[in-house]
Structure formats: C-alpha cells, structure tokens
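What the coordinates show
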Amino acid sequence: MQITAAQLCQLLNGKIVGNPEIKVSGPGKIEDAKQGEITFLANPKYEAFAYTTNASVILVKRDFEPKQPIKATLIQVDDVYASIALLLEKFGGGIKSQQGISSQAIVDQTASLGKEISLGHFVVIEENAEIGDNAIIFPQVFVGKNAKIGKNTILYPGVKIQHNCIVGDNCILHSNVVVGSDGFGFVPQEDNSYKKIAQTGNVVIEDNVEIGANSSIDRATMGSTIIRKGAKLDNLIMIAHNVEIGENTVVAAQAGIAGSSKIGKQCMIGGQAGFVGHIKIADGTKVQAQSGINKTINEENTAWYGSPALPYNDYLRSYAAFRKLPELMKKMRELEKRLNDQ
Amino acid sequence: MQITAAQLCQLLNGKIVGNPEIKVSGPGKIEDAKQGEITFLANPKYEAFAYTTNASVILVKRDFEPKQPIKATLIQVDDVYASIALLLEKFGGGIKSQQGISSQAIVDQTASLGKEISLGHFVVIEENAEIGDNAIIFPQVFVGKNAKIGKNTILYPGVKIQHNCIVGDNCILHSNVVVGSDGFGFVPQEDNSYKKIAQTGNVVIEDNVEIGANSSIDRATMGSTIIRKGAKLDNLIMIAHNVEIGENTVVAAQAGIAGSSKIGKQCMIGGQAGFVGHIKIADGTKVQAQSGINKTINEENTAWYGSPALPYNDYLRSYAAFRKLPELMKKMRELEKRLNDQ
Amino acid sequence: MQITAAQLCQLLNGKIVGNPEIKVSGPGKIEDAKQGEITFLANPKYEAFAYTTNASVILVKRDFEPKQPIKATLIQVDDVYASIALLLEKFGGGIKSQQGISSQAIVDQTASLGKEISLGHFVVIEENAEIGDNAIIFPQVFVGKNAKIGKNTILYPGVKIQHNCIVGDNCILHSNVVVGSDGFGFVPQEDNSYKKIAQTGNVVIEDNVEIGANSSIDRATMGSTIIRKGAKLDNLIMIAHNVEIGENTVVAAQAGIAGSSKIGKQCMIGGQAGFVGHIKIADGTKVQAQSGINKTINEENTAWYGSPALPYNDYLRSYAAFRKLPELMKKMRELEKRLNDQ
C-alpha cells in the first residue's frame with residue numbers, strides 16, 4: 001500500500017510542511033526508518049534523529065519548530081501518539097490465525113461456539129464452555145469446563161483458561177497466559193506440613209482487558225478474582241486469589257498483587273512493583289516501578305515510591321539524603337570532635 | 001447440596017450460636033456472600049462485614065464476641081482456617097479433566113502408565129517415562145524421556161516436565177510450569193562470547209509439593225535440583241540449577257533463588273524476594289517480600305528485610321530513620337551553624 | 001562409558017596427582033559425588049568437601065595445594081570451569097526429541113523445512129514460515145506466519161514464536177518462551193479508557209542466543225526488538241517492545257527491560273533488576289541484582305546498585321551508613337543536648 005503525505009494528513013487532521021505528494025508505504029522508527037517510510041517524533045529525546053532520518057515523512061506536534069534543516073516532509077498533528085495509533089492500525093493489519101475451525105481442535109459436544117470464530121490446531125474446548133462470536137482462538141489454547149470467552153476476544157497460542165472462568169468481549173490474552181490457576185492457600189498443620197485450601201471460586205475478566213504473555217491470574221478461594229473493564233496488564237504479572245483490579249488500571253510487567261487486595265480505577269502500577277494482601281488502593285494511585293505497597297491507600301491520585309513505599313516526593317528527598325549519608329556521617333564525627341575539643 | 005448449620009457444626013467440631021436448622025448450599029466471601037451461603041471471619045480487618053453480611057452462617061473463632069447484633073448464625077471453632085479448608089473441600093469438589101486416556105494423547109510404547117490415570121488431549125509422553133496411579137495429566141502437557149510422575153499427581157494444562165526429571169506423589173503443578181529447563185551456566189571465552197556448560201543433572205520434586213503457574217525449575221548442572229516434600233511454591237517463581245528447597249518451605253510469587261543455594265525447612269519466603277547463589281539458609285528463616293538475601297544465614301528462625309537484607313527489626317528501625325533523613329540533614333546544618341556561631 | 005583419569009587428563013591438557021589408572025563413569029557434585037565419579041573444585045567455598053568427597057577424581061586449579069590429605073586423584077587444569085564444560089559435553093550428551101517429523105505436527109504447505117530437522121508432536125508451523133537445517137522443534141511449539149528459525153536452533157516444548165519474528169542459528173529457547181507478543185502501548189482516551197496501539201514490528205534474535213523458560217520478548221511497535229548475537233537470557237525475563245540487548249550481554253532471571261531501552265555489549269545484568277524505558281546503557285555495564293536503572297549510563301564498564309541505582313561502591317557506602325542510622329539519630333540528639341546544655 002502506498003499513500004501520499006496529503007492523504008495521511010487528511011486522515012490525521014494535520015498540517016503539511018513540505019512535499020504533499022511524497023509517498024510512503026509503511027512506518028519506521030526515526031533512528032532507522034528508510035526512504036518511503038513514515039516516522040514520528042513525540043519524545044524530545046529523539047529530536048536529533050529528525051535531522052538525520054531517512055524517513056520521507058515525520059509526524060510532529062503542532063508546535064514543533066525545527067532547529068536545523070529537515071529533509072523529510074512534516075505532518076503536524078495535535079496528538080502524535082494518537083496519530084501513530086491510527087496510522088499503525090492503517091498500515092499494521094492484524095495477522096490472523098487460520099480462519100475457521102481446525103479439524104485438529106477438540107471441542108466437547110456440549111460446548112457452544114459463536115459465529116465466525118477461529119479455532120486453531122490442537123485447541124481444547126471442554127464441556128459446556130462457550131466461545132463468543134468472532135473470537136479468535138489460536139493453536140494450543142485450552143478452555144476448561146464451563147468457561148466463557150466473549151465476542152471478538154483473541155486468545156494467543158498457549159493461553160490456558162481454566163474451568164468456570166469468564167473472559168469478556170474484546171479482550172486480548174497473549175501467549176501462555178494462565179487464567180484460573182489455584183489461589184495459594186494452605187492451613188498449617190501440627191506436623192509443620194500444610195493442608196491445601198480448595199480454591200472453589202473463579203476469575204472474571206471484564207470487557208476490553210489486555211493481559212501480557214506469561215502472566216497468571218489465580219482463581220478466588222470463594223467468589224471471584226476480578227479484572228475490571230479496560231484494565232491493561234503487561235507480561236509476567238501475578239494476580240493472586242480474590243484480587244480486584246479496577247477499571248482502566250494499567251499494570252506494568254512483572255508486578256505482583258497478593259491475595260484479596262483491591263486496586264482502584266485508573267491506577268498506574270510500575271513494573272516489578274508488589275502489593276501485600278488484604279489492602280485497598282484508591283482510584284488514580286500511581287506506584288513507581290519496584291515499589292512495595294504494604295498498606296491501604298485511601299486518598300485518591302497519590303503517588304508512591306520505595307519498599308516499603310513512601311509518598312513519591314518524600315522517597316525522593318530521603319533517597320537524595322541517603323546518597324549523602326557517608327558525608328553526613330563524616331560531618332557528624334567532626335561536630336562531635338569540635339564539641340569534645342571545646 | 002444443602003446442609004444445616006447443625007450438621008456443619010458437627011463436622012467442624014464447633015459450637016452454634018443462633019439457628020441450628022438454617023441451611024446453606026455453598027461458601028461465599030463475607031463482603032458479598034448471599035443468603036443461603038456460609039462465610040467466615042478469621043482476619044479481624046474484616047470484622048465490620050460480620051454485622052452486615054447476608055451470609056446465613058459465619059465461621060468464627062471460639063472466643064469471638066460480637067460488638068454489635070449479628071443476623072447470621074455463628075459456628076464457633078478452634079481454627080477458622082482449618083475449618084474453611086474442610087468446608088471448601090466438602091463444597092468445592094475438584095473439577096477433573098476427562099476421565100481416561102484421550103485418543104489424541106501420544107504415549108511412547110516404552111512409557112509406563114499407572115492405573116486409573118487421566119491423560120488429556122494433545123499430551124505427549126516420551127520414551128521410558130512413568131506415570132503413577134491415579135495421576136491426572138491435563139491437555140497439552142509434555143513429559144520427557146525417562147521422567148517419572150508420581151501417584152495422584154496433577155499436571156495442569158501446558159505443564160512441561162523434561163527428560164530425567166522426577167515428580168513425587170500427590171503433587172500439583174499448575175499450568176505452564178516448566179520443570180527441567182537448562183541451568184544458566186556458561187564459560188566466558190577469550191573473544192567475549194560464552195560457551196554453554198551442558199546441564200546434565202535433573203530436577204527431583206518430592207511428595208506433596210505444589211508449584212504455581214508459569215514457575216520454572218531448572219535442572220542441575222550435575223546431580224539434582226531438589227524441592228523437598230511438602231514445599232509450596234507460588235506462581236512465576238524461578239528456581240535455578242542445583243538449588244534445594246527444604247521440607248514444608250513456602251515461597252510466595254515471583255521470588256527467585258540463584259544457583260546452588262540451599263533453603264532450609266519451614267522457611268517462609270515473601271513475594272519477589274531474591275537469593276544470590278551458593279548460600280545456605282537455616283531452617284525456619286522468614287524473608288520479607290522484595291528482600292534480597294546475599295549471604296548465608298546460619299541461625300534458625302530469624303527474620304530478614306531489605307535489599308541487601310538486614311535483620312527484620314534493624315531494617316524497620318533504619319527505614320524509620322531513612323524517612324526522617326531530610327529532617328536530620330536540616331538539624332545537622334543547624335547544629336553546625338550553632339557551633340560556628342559560638 | 002568408563003574413562004581413566006589419564007585419558008581425561010590428556011583431553012583437558014592437565015596434570016595428574018594420584019592414580020592415573022582410576023576410572024570414572026560420570027560427573028557428580030563435590031558434596032555428594034559417589035565413587036567412580038569425577039567432580040571439581042572451582043569455588044574456594046567448597047574446599048572442605050575436597051577432603052571428604054567420595055569422588056574418584058577431582059578437577060582443581062593448576063595452583064591448588066591441599067591443606068589436608070585427599071583420597072581422590074587430582075587433575076590440575078588452567079581453567080576449571082572450561083574443563084567442566086568440556087567434560088559435561090563429553091558425558092552429558094544431549095537428549096533429543098524424536099528424530100524426524102511427527103505425523104502429528106501441522107505444517108502449512110507454504111512453509112519451508114530445512115534438512116535433517118526434528119518436528120515434535122502437536123507442533124504448528126504456519127504459512128511461509130522457514131525452519132533451518134538441523135533445527136530441533138520439540139512438541140507443542142508454535143511458529144507463526146513468516147517466522148524464521150535458524151539452523152541448529154532448538155525450541156523446547158511449548159515455545160511460541162509469533163508471526164514475522166526471526167530466530168537466528170544455534171539458538172536455544174527454553175520451554176514456554178514467548179517471542180513476538182504485542183508491545184504494551186496504549187493511547188489514553190478522554191473517557192479514561194485506553195486505545196491499543198497496533199504493534200506492527202517484529203522480534204529479531206541473532207545467532208547463538210539462549211533464552212530461559214517462561215521469558216517473553218515483545219514485538220516492536222515499528223521496526224524490531226533485537227537480541228544481538230551471543231546474548232544469554234535466563235528464565236522469566238521481560239523484554240519490552242523495541243528494546244535492544246547487545247552482543248554477549250548476560251541477563252539473569254526475572255530482570256525486566258522497559259520499552260525502547262538499548263543495553264550495550266558484554267553487560268552483566270543481575271536477577272530481578274529493572275530498567276525504565278528509553279535509556280541507553282554503555283557496553284560492559286554491570287548491574288547488581290534487584291537494582292533499578294532509571295537513566296542512561298554513558299560511561300563503559302561501570303557497576304551499579306540500588307533502586308534507583310547508584311554507582312556500586314557509593315550504594316554500598318550509603319547502605320553501610322543506612323544500617324547505622326538509628327545510632328546516628330541517637331548521637332545527633334546527644335550532640336544537640338550537649339550544645340543546649342552549654
């Protein structure tokens with residue numbers, strides 16, 4: 001597909017600076033885009049590349065003013081990231097698995113399959129499971145008894161959805177995600193061994209949720225572990241039994257939430273952050289990467305950092321002082337000496 | 001199944017306060033249990049819900065004294081968690097995969113299969129592997145050459161047990177667990193590349209071990225990586241080559257143990273904690289979540305916190321002071337000024 | 001296989017101290033090797049075992065001088081680890097999956113298969129995918145459309161290589177590794193929801209790379225996420241979209257690299273370390289386990305520790321002072337009192 005800068009400009013509601021007739025055939029990163037590609041400049045860190053890139057067209061902010069000459073044609077837009085999203089959708093094109101139902105998928109006769117679904121090779125759909133219309137189930141996926149998969153949902157190769165779990169509409173679960181593994185619950189016995197507590201609940205994933213590769217969402221002991229609509233979870237995340245993740249909350253890779261904790265709406269959780277169990281996190285909370293949250297946060301829209309976490313700015317101030325601690329120690333000894341010498 | 005409070009009370013060896021004839025049909029969480037359900041109160045944080053829950057019956061501690069009127073019938077027991085465990089077993093009921101051996105499982109003719117086993121669709125059992133009586137092997141599991149799976153053991157969908165590895169009786173391995181991937185060992189070469197050290201050992205998992213979803217246990221370079229009986233490992237845990245995890249030790253999600261370290265019996269390892277290689281951890285050690293253990297711990301039953309970890313209370317004291325560091329810095333400058341002004 | 005100490009000595013270019021005619025049949029760890037086994041002493045921590053081991057032969061450094069009598073025959077070598085690597089290769093022997101192409105693998109007719117490859121049961125190879133000569137594809141692997149797998153590369157059970165991704169020659173990907181899951185990119189919308197940014201790039205893994213079990217490498221938004229030749233990644237690692245890992249860089253388990261960061265050559269990244277996005281790390285950088293790197297590192301061959309990370313020795317000094325903080329606080333109060341009392 002070839003498209004002119006003028007056509008793209010119209011699509012993105014932007015303004016052209018340069019040659020409107022130049023054609024592009026796909027997107028590229030500003031550092032290594034080739035002639036005939038379109039790229040973008042959103043993060044000022046990358047500005048230097050704008051003057052050297054081989055891309056034919058660059059998306060820039062409405063107010064971008066080059067400090068040096070630029071070969072490429074510019075398209076100025078209000079929101080660079082939103083424009084890229086549109087653009088990539090146009091160029092990107094989803095790669096679908098084979099259409100239709102593989103003869104090598106095993107579907108229990110009591111399962112119910114929606115219209116226009118794809119079922120890949122070596123998929124297993126167990127008793128009474130339901131697959132919604134237009135769902136795409138890639139090869140080697142497992143959908144257990146009574147599980148429900150919503151409309152338009154995509155399960156990538158190797159996803160395992162276990163019995164009784166529910167996945168909403170328009171969800172995307174990446175490869176090897178596990179939904180519905182047992183919660184981690186044991187009763188200590190007198191001989192120091194542990195007795196397993198049966199995990200009788202399920203997992204409910206609402207609509208428009210995305211979950212990254214190799215993440216695992218444990219089923220509830222009783223009731224449901226819940227991922228609310230629009231939440232986005234990255235790779236290798238651990239969601240324990242009876243946790244609830246609020247609407248439109250974003251969780252970065254390798255974060256972990258311990259049992260029964262409730263994370264509010266529109267929170268932003270950094271990578272490798274951890275939460276203890278049985279706490280409640282207010283809406284709009286921001287947690288810095290690698291932080292450890294060990295108590296309930298009641299106030300909305302606060303930011304946290306450290307392990308255990310402190311208010312974001314407090315941590316930065318304490319950490320700045322921590323860097324100077326050896327110097328502080330030295331000064332203390334001097335003061336002491338001066339006092340002793342008086 | 002409907003069961004009266006009186007019947008449950010007898011089962012749990014408890015004492016009834018309220019209506020012994022009230023019937024329940026399943027368990028629910030205290031926050032959202034419905035009429036006709038039984039719930040429990042173990043963690044005092046949840047006490048407020050006891051006065052508002054719709055549950056018909058609540059399990060409470062023997063010495064629980066309500067501070068407000070309670071609608072529900074109470075069953076007082078010695079150990080609430082143990083009673084729940086019993087109860088959930090009664091109500092829960094395991095969901096088994098299809099009984100019997102799928103015609104779509106591939107079993108090498110030299111493999112040996114125990115009695116009454118289940119083998120799911122698209123399972124692969126390689127040469128000389130052994131599957132114990134009553135084992136349940138869910139779909140899409142791989143059991144490599146010479147591997148042994150014990151009696152009553154459950155391997156959930158997508159588990160991979162590689163060649164020569166041994167899993168004991170009554171174990172539960174959750175979806176996508178990997179047992180027997182190569183240990184991470186390389187010899188640096190003169191040209192800055194690395195030469196792989198062949199990993200010729202195996203993994204031995206003893207009886208009654210549970211391992212959470214997406215965890216990985218590497219095989220030993222020589223000898224065995226060992227998970228001792230009764231150990232419980234949560235999701236996304238990394239166990240490196242030649243590690244040994246002691247009897248009845250519990251490891252929370254996303255923790256990692258580097259090569260050749262030996263963790264004692266009855267330890268409790270918090271989530272996202274890390275251990276360097278080649279150290280030894282005494283029995284009964286407790287490690288707080290996100291801590292980093294970088295040396296051998298010889299004394300039993302100690303608790304640790306921080307990265308690198310300090311004795312638990314020392315860390316708390318130092319961290320309390322860390323919070324006040326900016327204030328301390330300020331005070332220091334004042335003292336210095338006062339001395340200078342003298 | 002039985003081999004004499006003299007024969008081994010010749011193979012390893014070493015020097016014998018003891019009985020050259022003694023025979024060994026396999027390797028064992030120094031703590032628990034049995035008679036007839038060969039073991040090694042490289043880490044001085046294990047020296048005590050040299051005097052008690054039942055092994056028949058011990059590999060030791062050229063300059064090792066026993067402090068007590070040793071029963072075993074010694075072979076003195078220049079580089080113990082290199083000698084072990086050679087030795088394990090000799091004894092170890094790879095365990096291959098079934099030879100040839102399983103009748104239960106599904107290969108699209110447009111895919112291209114090299115010579116002498118192994119394709120395990122329930123493998124899926126999609127349209128236009130290419131598998132290089134001598135590649136070993138274990139059961140339950142998925143290779144998506146247009147993906148390329150190099151010569152001699154091994155994909156262990158459950159690996160998922162998604163569309164358009166490229167894996168070089170002589171690579172080893174352990175079980176349940178995911179290559180080519182979508183990068184984590186969203187545009188915030190006015191209603192607080194997020195719109196997915198299509199991820200149209202791919203992953204390129206160069207030659208001689210090893211990736212540990214359950215790790216995930218996301219595809220680039222545009223362009224490629226790149227793992228350069230000779231890099232070694234351990235288990236449960238997260239590599240985000242558009243990241244680049246340099247040649248011969250080693251990354252320990254559970255580390256995570258956020259989007260678009262570039263890690264240089266010959267770096268050593270500790271376990272559970274984290275890197276924010278959009279930074280550049282110089283060649284030869286060393287990062288201590290659990291550290292958090294939050295800015296570009298320009299100088300080569302530096303070492304870092306802490307979260308956020310400081311120069312290695314600075315962190316150790318500050319942390320040593322952190323341990324003494326409660327004492328420092330007390331001393332401060334004393335000084336203040338003395339000043340007040342003057």
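Refer to the preceding data block for the structure.
The structure displayed is predicted, hence computed values, not measured ones.

Rules used throughout
- Residues numbered from 1 in each chain as written.
- Chains lettered and ligands numbered in written order.
- Predicted model: local features only at pLDDT ≥ 70, side-chain atom pairs only at ≥ 80, totals over all residues.
- Heavy atoms only, no water.
- Contact = heavy atoms within 4.5 Å.
- Buried area = accessible area lost by both parts, 1.4 Å probe.
- Salt bridge = Lys/Arg side-chain N within 4 Å of Asp/Glu carboxyl O.
- Polar contact = N/O pair within 3.5 Å; in protein donor to acceptor, adjacent residues only side chain to side chain.
- Helix = DSSP H or I, 4+ residues; strand = E, 2+ residues; numbered from the N terminus.
- Nonpolar A, V, L, I, M, F, W, Y, C, P; charged D, E, K, R; others polar.
- Pairing = 2+ DSSP bridges.
- Buried < 20%, exposed > 50% of the residue type's maximum accessible area, 1.4 Å probe, protein only.
- Least-squares fit on C-alpha atoms with pLDDT ≥ 70 in both.
- Core = buried A, V, L, I, M, F, W, Y, C linked by side-chain atoms within 4.5 Å.
- Expected span 1.5 Å × (residues − 1).
- Arc of directions from axis to C-beta.
- 1 Å grid on protein atoms, 1.4 Å probe; cavity = no way out; pocket = protein on both sides within 12 Å on 5 of 7 lines; lining within 4 Å.
- Points joined across faces, edges and corners; volume = space filled by probe spheres on them.

**A closer look at the interface of chain C and chain A**
Facing 77 residues of chain C, the contacting portion of chain A comprises 63 residues. Taken as a group, Phe184(C), Tyr194(C) and Met222(C) account for 13% of the area that chain C buries against chain A, more than any other trio of residues on that side. For the salt bridge of Lys196(C) with Glu210(A), the shortest nitrogen-to-oxygen distance reads 2.8 Å. Run the count over chain C and chain A and you get 27 residue pairs in polar contact (both at pLDDT 80 or more). Of all elements in the fold, only β20 (178–181), β21 (186–188), β22 (194–196), β25 (216–218), β39 (310–311), α4 (312–323) and α5 (325–341) of chain C reach the threshold of two or more residues within the side of chain C that touches chain A. With 7 residues, α5(C) is the largest single contributor of residues to the side of chain C that touches chain A. Of the residues assigned to the side of chain C that touches chain A, the class counts are 32 nonpolar, 32 polar and 13 charged.

**Here's the deal with the sheet that holds strand β15 (residues 148–149) of chain A**
Residue and element names in this part refer to chain A. Pairing in this open sheet of 9 strands is parallel, and the strands run β9-β12-β15-β18-β23-β26-β29-β32-β35 from one edge to the other. The outermost strands of the open sheet, each flanked by one partner alone, are β9 (112–113) and β35 (280–281). Relative to strand β18 (residues 166–167), β15 runs parallel, the two being bridged by 2 bridges. Opposite Ile149, over in β18, you have Val167 as the bridge partner.

**Quick word on the side chain of Gln254(B)**
Structurally, Gln254(B) can be placed in the loop between β30 (250–251) and β31 (256–257). Since its relative accessible area comes to 7%, Gln254(B) is described here as buried. A polar atom in the side chain of Gln254(B) sits 3.1 Å from the backbone oxygen of Ala255(A).

**Comments concerning the interface of chain B and chain C**
Accessible area lost when the parts come together is the quantity often used to give the size of an interface. Each side of the interface is counted separately: chain B has 75 residues, and chain C has 64 residues. Summed over both sides, the interface of chain B with chain C buries roughly 5,700 Å², with 62% coming from carbon and sulfur. When the buried area of chain B at its contact with chain C is split by residue, Phe184(B), Tyr194(B) and Met222(B) rank highest and sum to 13% of it. Put simply, chain B and chain C have 26 residue pairs in polar contact (both at pLDDT 80 or more) between them. Looking at the side of chain B that touches chain C, the elements that each hand over two or more residues are β20 (178–181), β21 (186–188), β22 (194–196), β25 (216–218), α4 (312–323) and α5 (325–341) of chain B. Here the side of chain B that touches chain C takes 7 residues from α5(B), the largest share from any one element. Taken together, the residues of the side of chain B that touches chain C sort by class into 31 nonpolar, 31 polar and 13 charged.

**Focus: the relation of the copies chain B and chain C**
Note on the copies: chain B fits chain C at an RMSD of 0.1 Å, the axial shift is 0.0 Å, and the rotation between them is 120°. Both copies of the chain, as the preceding transformation shows, are related through a three-fold rotation axis.

**Re the nonpolar core**
The biggest cluster of nonpolar side chains holds 162 residues, and the ones touching the most others in it are Leu173(A), Leu173(B) and Leu173(C). The set of elements that each furnish at least two residues to this core consists of β23 (202–205) and β28 (238–239) of chain A, β23 (202–205) and β28 (238–239) of chain B together with β23 (202–205) and β28 (238–239) of chain C. Counting 36 residues, the second-largest nonpolar core is a separate cluster that includes Met329(A), Met332(A), Leu325(C) and Met329(C).

**Regarding the pairing of strand β20 (residues 178–181) of chain A**
All names here are of chain A. The pairing of strand β17 (residues 160–161) with β20 spans 2 bridges and is parallel. Paired with Ile161 across the bridge in β20 is Val179. The pairing of β20 with strand β25 (residues 216–218) spans 3 bridges and is parallel. By the bridge assignment, Val179 is partnered in β25 with Ile217.

**Section: the pattern of salt bridges**
If you walk through the whole model with that rule in mind, you get 33 salt bridges over all chains. As a salt-bridge pair, Lys196(A) and Asp182(A) come within 2.8 Å of each other at their nearest N and O atoms. Highlighted residues: Lys196(A) in strand β22 (residues 194–196) and Asp182(A) in the loop between β20 and β21 (186–188), separated in sequence by 14 residues. For Asp182(A), a relative accessible area of 11% gives the class buried. Here Asp314(A) and Arg317(A) are joined by a salt bridge, their closest N and O atoms 3.1 Å apart. Residue Asp314(A) and its partner Arg317(A) are located together in helix α4 (residues 312–323), separated by 3 residues, close to a single helical turn. The partly exposed category is assigned to Asp314(A), whose relative accessible area is 31%. On the basis of relative accessible area, Arg317(A) is assigned to the partly exposed category, the value being 49%. Because the salt bridges share partners, they merge into one network encompassing Asp182(A), Lys196(A) and Glu210(B).

**As for α4(B)**
Residues and elements named next belong to chain B. Here α4 contains 12 residues, and its C-alpha end-to-end distance of 17 Å stays within 8% of the 16 Å for a straight helix at 1.5 Å per residue. Turning to α4, its buried residues number three or more, namely Tyr315, Ser318, Tyr319, Ala321 and Phe322. Projected onto a plane normal to the axis of α4, the buried residues spread over an arc of 155° and lie on a single side.

**Things to note about helix α5 (residues 325–341) of chain A**
Taking 1.5 Å of rise per residue, the 17 residues of α5(A) would be expected to cover 24 Å, and the 24 Å separating its terminal C-alpha atoms lies within 8% of that figure. The complete set of buried residues in α5(A) reads Leu325(A), Leu328(A), Met329(A), Met332(A), Leu335(A) and Leu339(A). All buried residues of α5(A) lie within an arc of 120° about the axis, which places them on one face of the element. Projecting away from the buried face of α5(A) at angles above 90 degrees are the exposed residues Glu327(A), Lys330(A), Arg333(A), Lys337(A) and Asp341(A). Where α5(A) is buried, its residues touch α4 of chain A, α5 of chain B together with α4 and α5 of chain C.

**Points about the side chain of Gln76(C)**
Relative to the elements of secondary structure, Gln76(C) occurs in strand β7 (residues 73–77). When neighbours within four sequence positions are excluded, Gln76(C) is seen to be in contact with Gly14(C), Lys15(C), Val17(C), Val60(C), Lys61(C), Arg62(C) and Phe64(C).

**Here we look at empty space enclosed by the protein**
One water molecule sets the probe size; rolling that probe over the atoms shows where empty space is left. What the rule picks out here adds up to 7 cavities of 30 Å³ or more. In this structure, the largest cavity encloses a volume near 640 Å³. If you trace the largest cavity, you find 36 residues lining it, with Gln290(A), Ser307(A), Gln290(B), Ser307(B) and Gln290(C) closest to the centre. Contributions of two or more residues to the lining of the largest cavity are made by α4 of chain A, α4 of chain B together with α4 of chain C. Its residues assigned to classes, the lining of the largest cavity comprises 18 nonpolar, 18 polar and no charged.

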